[in-house]
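# What the coordinates show
Now for the letters of each chain:
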Amino acid sequence: MKVISYNLRKHRAAGELVVLQAEHDPDILCLQECDVQELPPRVGDLVLALATQGNRLGLAVYYRESVFQMQAVKTIGLKKSLHDRLLKPAHERVLGVRLRDIDHARDMIVASFHAAPLTALNSLRRHQIRAALTELEKLGEGLPVLMVGDYNYPVFKENLGQTVRDHGYTLTLSDDHTYTRYRVFRGHYDFATSVGFEVERVTTLPQGSSDHRPILVTFRPH
């Protein structure tokens, strides 16, 4: 199975989605910083499961109807940073979808995640990640979980990796940097966190209109 995660940079890269879907044939598409009012009901043969509604810019998940049936969805608000309190960006920072693999009659949880911005402390982002994983488990106890998105965590990833492992999950980085801005700020910002899945690889795709590069996660249930 394949999922693409992409931070659209305030929806600027939305026009690339159809080509991304056609070229890489993902089963699931997870978006961050999308204009939820402008999202199409379909991207290629992927259908929109849900988009967050708490703010114009938010999260969305698309899935392939021929492979999955949607069982439940959940939007999650997390502990706020000072940036959140002052500027009031999207409140919901996680969008989780419980999907049933039709051919194999098994359920899984896939989520799009957007951590607090770089103005926040890494400790807050670690708190958000732990809380997000805990809340996603409420969609189905013991189910495999894959959370992808913009973790906004460019340095000291060993602390993040340990936090995720302590929670029983695995953190997987992509094969190249995923964020470039002003040709100075570069790093791995977009990750996959999983339990019950084997993440075979995370491929960083070419740069488009966003300051983030999309990632393509190839995975399978254990």
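In this report, we go over the structure that sits alongside the text. (Residues numbered from 1 in each chain as written. Predicted model: local features only at pLDDT ≥ 70, side-chain atom pairs only at ≥ 80, totals over all residues. Heavy atoms only, no water.)

## Some thoughts on the sheet that holds strand S13 (residues 190-195)
For the record, the criterion: Strands are labelled as partners when DSSP assigns at least two bridges between them. Helix numbers and strand numbers start at the N terminus; a helix is a DSSP run of H or I with at least 4 residues, a strand a run of E with at least 2. Whenever a helix is involved, its axis is fitted only over the stretch in contact; in every case the axis is a line through C-alpha atoms, and angles between N-to-C directions fall within 0 to 180 degrees.
Pairing is mixed in the open sheet, where six strands are placed in the order S6-S7-S8-S9-S13-S10. The sheet terminates laterally at strand S6 (68-77) and strand S10 (170-172), the two strands that pair on one side only. Taking the axes of each pair of neighbouring strands and ignoring which way they run, one obtains an average angle of 20 degrees across the sheet. Across eight bridges, the pairing between strand S7 (residues 92-101) and strand S8 (residues 106-114) is antiparallel. Following the sheet pairing, Arg98 is matched in S8 by Ile109.

## Considering the environment of Leu95
In plain terms, the rule: By the convention used here, residues are in contact when the closest approach between their heavy atoms is within 4.5 Å.
Relative to the elements of secondary structure, Leu95 occurs in strand S7. Each C-alpha atom, one on Leu95 and one on Lys74, is 5.8 Å from the other, the two residues being 21 residues apart in sequence. Setting aside residues no more than four positions away along its own chain, Leu95 makes contact with Leu50, Ala51, Thr52, Leu59, Ala60, Val61, Lys74, Thr75, Val110, Ala111 and Ser112.

## Thoughts on the packing of helix H3 (residues 122-136) against helix H4 (residues 157-166)
Put simply, the rule is: Small angles under 35 degrees read as roughly parallel and large ones over 145 as roughly antiparallel, with 65 to 115 read as roughly perpendicular and the rest as oblique. Whether a crossing is left-handed or right-handed is set by the direction in which the near helix is turned from the far one by less than a right angle, anticlockwise for left-handed and clockwise for right-handed. Just so you know the grouping, Ala, Val, Leu, Ile, Met, Phe, Trp, Tyr, Cys and Pro go in nonpolar, Asp, Glu, Lys and Arg go in charged, and all remaining residues, Gly too, go in polar.
At a minimum axis separation of 10 Å, H3 and H4 run at an interaxial angle of 25 degrees. Between H3 and H4, the interaxial angle falls into the category roughly parallel. Classified by chirality, the crossing of H4 by H3 is right-handed. Only Asn159, Leu160, Thr163 and Val164 of H4 make contact with H3, whose side of the interface consists of Arg126, Ile129 and Arg130. By residue class, the composition of the contact of H3 with H4 is three nonpolar, two polar and two charged.

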